[in-house]
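Inside the fold
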Amino acid sequence: MQTARKHFMDLRRSPRRLLTGLLATFGAFPLTGSLSAQTATPVDLAHFAYDRGAPLNVKLIAEKDRDGVTVQDITYVGSQGDTVPAYLVIPKGSGKFAAVIWGHWLMPGAANSNRTEFLNEAIALAPTGVVSLLIDAPEKRPGFKPTDDPAVVAQQVVDLRRGLDLLLSRSGVDAARIAYVGHSWDAGAGAILDATDKRLAAFVFMSGPQSQAKRVLSSPQMAELRKANDKAQVKEVEESLKAEAWTDPGSYASMLGPAPALFQYGQHDEKWVPLTLAKDYVAIASGPKTAEFYDADHALNDKARTDRDNFLRKTLKLAR
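What counts and how
- Residues numbered from 1 in each chain as written.
- Predicted model: local features only at pLDDT ≥ 70, side-chain atom pairs only at ≥ 80, totals over all residues.
- Heavy atoms only, no water.
- Helix = DSSP H or I, 4+ residues; strand = E, 2+ residues; numbered from the N terminus.
- Buried < 20%, exposed > 50% of the residue type's maximum accessible area, 1.4 Å probe, protein only.
- Contact = heavy atoms within 4.5 Å.
- Areas by Shrake-Rupley, 256 points an atom, 1.4 Å probe, with all protein chains shown as cover.
- Pairing = 2+ DSSP bridges.
- Right-handed = clockwise from strand over helix to strand, strands pointing away.
- Axes fitted to C-alpha atoms, helices over the stretch in contact; angles between N-to-C directions.
- Phe/Tyr/Trp six-rings, centres within 6.5 Å; stacked < 30°, edge-to-face > 60°.
- Expected span 1.5 Å × (residues − 1).
- Salt bridge = Lys/Arg side-chain N within 4 Å of Asp/Glu carboxyl O.
- Lys, Arg positive; Asp, Glu negative; His and termini not counted.
- pLDDT = per-residue confidence, 0-100.

**Details of the overall build of the chain**
The secondary structure content of the chain amounts to 10 helices and nine strands. Expressed as a percentage of the 320 residues in the chain, the buried residues total 56%. Considering only intrachain contacts with a sequence separation of at least 6, the fraction spanning at least 24 residues in the chain is 72%. Approximately 13,600 Å² of the chain is accessible, and the part contributed by carbon and sulfur atoms is 54%.

See the structure below:
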């Protein structure tokens, strides 16, 4: 803890550096918003608006067969004209398929901290009649440079909405049966997506969301660090968090639904999502919801995957 205390004190000159350091030390979701003054309200959905008529310009990079399922490596145009790398997983046959958009975690050092995280899961689900879209988050795209710009949060949400547009443009996709699955940071982005776009039929939130403000300002994990700092600096951090509340999944908990949601949390995930904060989020989340807590860490486990599979089969009315 002494190392963490010193780290905290070294960051006192800048609220941005302080918060970034806290989150890096204690494993909260990446904080991508700037700490400059914001005029937007915490639930200003204008940050996530976009031109739905803008061309997607889908490009096929490569295609291969995996166990009788077609996996296409594609790109499409996301927010602000950026290129979004993605996999499109397509089952055999024809007709109106259900669909799932998958958002991966950003675990440092993890080999599957990109669109490959759910690829095997999507391929396994395809024979039940599911088209899947798996996108790389901005942080995992070629040429991405670390930034404090809050637009990164909006970029991911808009890119997910553009991915939904891509699926809806396919004649073989049933518009009434599209779900979203997000892990960790992309669970947080998914909460904002849930609040912003009501075209989805179901959501699965894995190891998230949680309130970033509550994490920093009131969680026991950061209590000693808060004590180690003077009250004026803590107040400055608090005001900074309020200023960028529109990037915090906690701001959108009361706007979820009416699509049903499955929340999945690990019981041993104190570094990333403390159990108390997980339960607090579920308690205030609106809309139909089911919460499951597993004997697992941030990665969750096979039981969570089975529950996720059953939830998608039920809500999307999939074939057995």
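**Focus: unusual backbone geometry**
Of note, the amide linkage connecting Gly208 to Pro209 takes the cis form, showing an omega dihedral of 5°. Mapping Pro209 onto the fold places it in the loop between β7 (202-206) and α6 (212-218). With a phi angle near 55°, Gln80 is a residue other than glycine that sits in the positive phi range. You can see Gln80 is positioned in the loop between β2 (69-77) and β3 (83-90). Since its relative accessible area comes to 83%, Gln80 is described here as exposed.

**A short note on the pairing of strand β6 (residues 173-183)**
In terms of burial, β6 is a largely internal element, eight of the 11 residues being buried. Here six bridges tie strand β4 (residues 97-103) to β6, and the two strands are oriented parallel to one another. Looking at β6, one finds that Trp102 is bridged to Val181. Following the chain from β6 across helix α5 (residues 185-196) to the adjacent parallel β7, one finds a crossover that is right-handed.

**Considering the sheet that holds strand β5 (residues 130-135)**
The strands that make up a sheet are held in pairs by hydrogen bonds between backbone atoms, and each pair lies either parallel or antiparallel. Spatially, nine strands are ordered β1-β2-β3-β5-β4-β6-β7-β8-β9 in an open sheet, and the strand pairing comes out mixed. Of all strands in the sheet, those bounded by a partner on one side alone are β1 (59-66) and β9 (289-294). The mean angle between the axes of side-by-side strands here comes to 15°, regardless of whether they run parallel or antiparallel. The pairing of β2 with β3 spans eight bridges and is antiparallel. Looking at the pairing, Thr75 lines up with Pro85 of β3.

**Quick word on the packing of aromatic side chains**
Taken as a whole, this structure holds eight aromatic pairs when the rule is applied. Relative to Tyr281, the ring of Phe263 lies with its centre 6.3 Å away and its plane at 55°, an arrangement referred to as tilted. Note that Phe263 is positioned in strand β8 (residues 261-266) and Tyr281 in helix α9 (residues 275-284), a separation of 18 residues in sequence. Taken individually, Phe263 and Tyr281 each receive the classification buried, so the pair is uniform in this respect.

**What to know about α5**
With 12 residues, α5 should reach 16 Å at 1.5 Å per residue; the first-to-last C-alpha distance of 17 Å fits that figure. For α5, the buried fraction is high: 12 of the 12 residues fall into the buried class. Those residues of α5 lying buried are Trp185, Asp186, Ala187, Gly188, Ala189, Gly190, Ala191, Ile192, Leu193, Asp194, Ala195 and Thr196. Lining the buried residues of α5 we find β4, α4 (151-168), β6, β7 and α9.

**Section: the environment of Leu200**
By the element assignment, Leu200 lies in the loop between α5 and β7. It is 7.5 Å that separates the C-alpha atoms of Leu200 and Ala176, two residues lying 24 residues apart in sequence. Once residues within four sequence positions are removed from consideration, Leu200 is found in contact with Leu164, Ile178, Ala179, Tyr180, Leu193 and Ala259.

**A word on the pairing of β7**
In regular strands, side chains alternate between the two faces of the sheet. The buried fraction of β7 amounts to five of the five residues, a majority that puts the element mostly inside the structure. On β7, burial covers both faces: Ala202, Val204 and Met206 on one face and Phe203 and Phe205 on the other are all buried. Note that β6 and β7 share five bridges and pair parallel. Pairing of Ala179 across the sheet is with Ala202, part of β7. Alignment of β7 against β8, held across four bridges, turns out to be parallel. Each residue of the ladder has a partner; that of Val204, found in β8, is Leu262.

**Some words on the pattern of salt bridges**
For the structure shown, the criterion picks out 13 salt bridges. Salt bridges here are not isolated pairs; linked through shared partners, they connect Arg161, Asp165, Asp197 and Arg199.

**Digging into the side chain of Asp186**
Looking at the element boundaries, Asp186 is found in helix α5. Despite its burial, Asp186 pairs with no opposite charge, the nearest such side chain being Arg141 at 8.3 Å. Aside from chain neighbours lying at most four places away, what touches Asp186 is Gly103, His104, Ala137, Gln156 and Tyr180.

**Some points on the confidence of the model for the chain**
Here the chain shows a mean pLDDT of 85. Residues at 70 or above account for 80%. Within the model, the stretch residues 1-19 combines pLDDT values under 50 with 46 contacts to residues more than four positions away or in other chains. The low-confidence segment residues 21-41, where pLDDT is below 50, has 77 contacts with residues more than four positions distant or belonging to other chains.

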